Amino acid sequence: MPDFLSLADLGASQIRSILDHAHALKAARAGLPKGATDPTPDLPGRTLAMIFEKSSTRTRFSFEQGMRQLGGSAIVATSDTMQLGRGEPVRDTARVLSRYVDAVMLRVNSHATLDEFARYASVPIVNGLSDYNHPCQILADLMTLEERGTTLEGAKIAWVGDGNNVAMSFVNAAAQMGFSLHVASPDGYRLPGQDVERARAAGADIVLSSDPDAAADEADALVTDCFVSMGDADYDTRLKALSGYGLDADRVARAKPGATVLHCLPAYRGQEITDALMEDPDSAIWDEAENRLHAQKAVLAWCLGAIKSG
Ligand code: CP
Ligand code: NVA
């Protein structure tokens, strides 16, 4: 059964299948109470374990509620309350949890922990964010863009700000989904060149620059994220270097009329995004947050063989 560690590991038809299933899952439960089981639940009797090395609001609540809706259940722990936090090896934890649950989601400081966990687990492992990437988030973002009428193939997606883990998952999906990714970041905060080159070799159209206005020009979607991610130490230096790389009304005005503004949240108003954009009554950001739920349910269903992989 497949892991879900990076969108770069999935082909176009697999990502398409997951997105289609996410849309279908969302439509099928319209009007139901949020804790009600889906009309035809994909994962009855299945259990997901979740391990958090870092804070979370959306990931934690959406996965747990998602498992409930799928007909299964979830067990949540922070690593510091597990023996893992006292030095029990990752590989031992992976083998033990594989005897209790059907899948494990981890949010980790180091992506190497996910890789090691996946190597020793005998159940699917889902990436709930690492220092390297955040694939669940980008599935929700792509789902949101499709809901807003954007055809991913040929769309221009502009990322302005830190070339961070969330930006990396756009890189990892660009070739398969056929969108053009324009990333504007200052020196020192660019995406790792090696991953960008790998995506380009797979056919991705990725433009890296230090010009956020050029990135925004005629874009279908404008995306940013916090300037200081969990685990980043250089707070003041980052804010200084990245100031000018956020989203405001002027930058959005450069994009196509009706362009979608996305932010994975949590947002720091006045840093990477203005309060006015956050409070825009037509903001897609709240749909984006909701779609974490539907997209991740589709990921779990895919990992556990409940949908065709395309
Ligand atoms: N966007 C996101 O992953 O949010 P949390 O950190 O709250 O899970
Ligand atoms: N880039 C942010 C995303 C949080 C969901 C972080 O890693 O902290």
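Residues numbered from 1 in each chain as written. Chains lettered and ligands numbered in written order. Predicted model: local features only at pLDDT ≥ 70, side-chain atom pairs only at ≥ 80, totals over all residues. Heavy atoms only, no water.

## A few points about the overall build of the chain
Per the secondary structure count, the chain includes 12 helices and nine strands. In terms of C-alpha radius of gyration, the chain reaches 19 Å, essentially the compact-globule figure of 19 Å for 310 residues. In the chain, which comprises 310 residues, the share counted as buried stands at 54%. Separation between the mean location of the 29 positive side-chain charges and that of the 42 negative ones in the chain comes to 5 Å. (Helix = DSSP H or I, 4+ residues; strand = E, 2+ residues; numbered from the N terminus. Rg over C-alpha atoms; globule rule 2.2 N^0.38 Å. Buried < 20%, exposed > 50% of the residue type's maximum accessible area, 1.4 Å probe, protein only. Lys, Arg positive; Asp, Glu negative; His and termini not counted. Charge placed at Lys NZ, Arg CZ, Asp CG, Glu CD.)

## Structural notes on helix H7 (residues 193–201)
One turn of the α-helix equals 3.6 residues, which is why residues spaced by three or four share an orientation. Every buried residue belonging to H7 is among Asp195, Val196 and Ala199, and all of these are buried. The arc that holds the buried residues of H7, viewed along the axis, is 100°, so those residues lie on one side. The exposed set on the far side of H7, more than 90 degrees from its buried face, consists of Gln194 and Ala201. Buried-residue contacts for H7 involve helix H6 (165–177) and strand S7 (205–209). At the C-terminal side of H7, Gly203 shows a positive phi close to 110°. (Arc of directions from axis to C-beta. Contact = heavy atoms within 4.5 Å.)

## Overview of the pairing of strand S2 (residues 73–78)
Across six bridges, strand S1 (residues 47–52) lies against S2 in parallel orientation. Its bridge partner lying in S2, Leu48 is registered against Ala74. Once you follow S1 into helix H2 (residues 58–69) and on to S2, the crossover reads as right-handed. (Pairing = 2+ DSSP bridges. Right-handed = clockwise from strand over helix to strand, strands pointing away.)

## Details of the layout of surface pockets
Approximately 350 Å³ is the volume attributed to the largest pocket. Secondary structure elements with two or more residues in the lining of the largest pocket: H2 and H6. A breakdown of the residues in the lining of the largest pocket according to their chemical character gives nine nonpolar, eight polar and five charged. If you add up the space inside the second largest pocket, you get close to 230 Å³. If you trace the second largest pocket, you find 17 residues lining it, with Asp131, Gly163, Asn164, Asn165 and Asp232 closest to the centre. Here the lining of the second largest pocket is built from residues that sort into six nonpolar, five polar and six charged. (1 Å grid on protein atoms, 1.4 Å probe; cavity = no way out; pocket = protein on both sides within 12 Å on 5 of 7 lines; lining within 4 Å. Points joined across faces, edges and corners; volume = space filled by probe spheres on them. Nonpolar A, V, L, I, M, F, W, Y, C, P; charged D, E, K, R; others polar.)

## Points about the site of ligand 2
Around ligand 2, the surrounding shell consists of Leu129, Asn164, Asn165, Val166, Asp225, Cys226, Ser229, Met230 and Leu265. Between ligand 2 and the protein, one listed contact pairs a nitrogen atom with a side-chain N or O atom of Asn164 at 3.4 Å. Residue Asp225 places a side-chain N or O atom 2.7 Å away from a nitrogen atom belonging to ligand 2. Protein contacts shield 94% of the accessible area of ligand 2, which totals 270 Å² for the unbound molecule. Cavity membership is defined here by more than half of the atoms lying within 2 Å of grid points; on that basis ligand 2 lies in the largest pocket. (Near = heavy atom within 4 Å. Polar contact = N/O pair within 3.5 Å; in protein donor to acceptor, adjacent residues only side chain to side chain. Areas by Shrake-Rupley, 256 points an atom, 1.4 Å probe, with all protein chains shown as cover. Sits in = over half its atoms within 2 Å of the grid points.)

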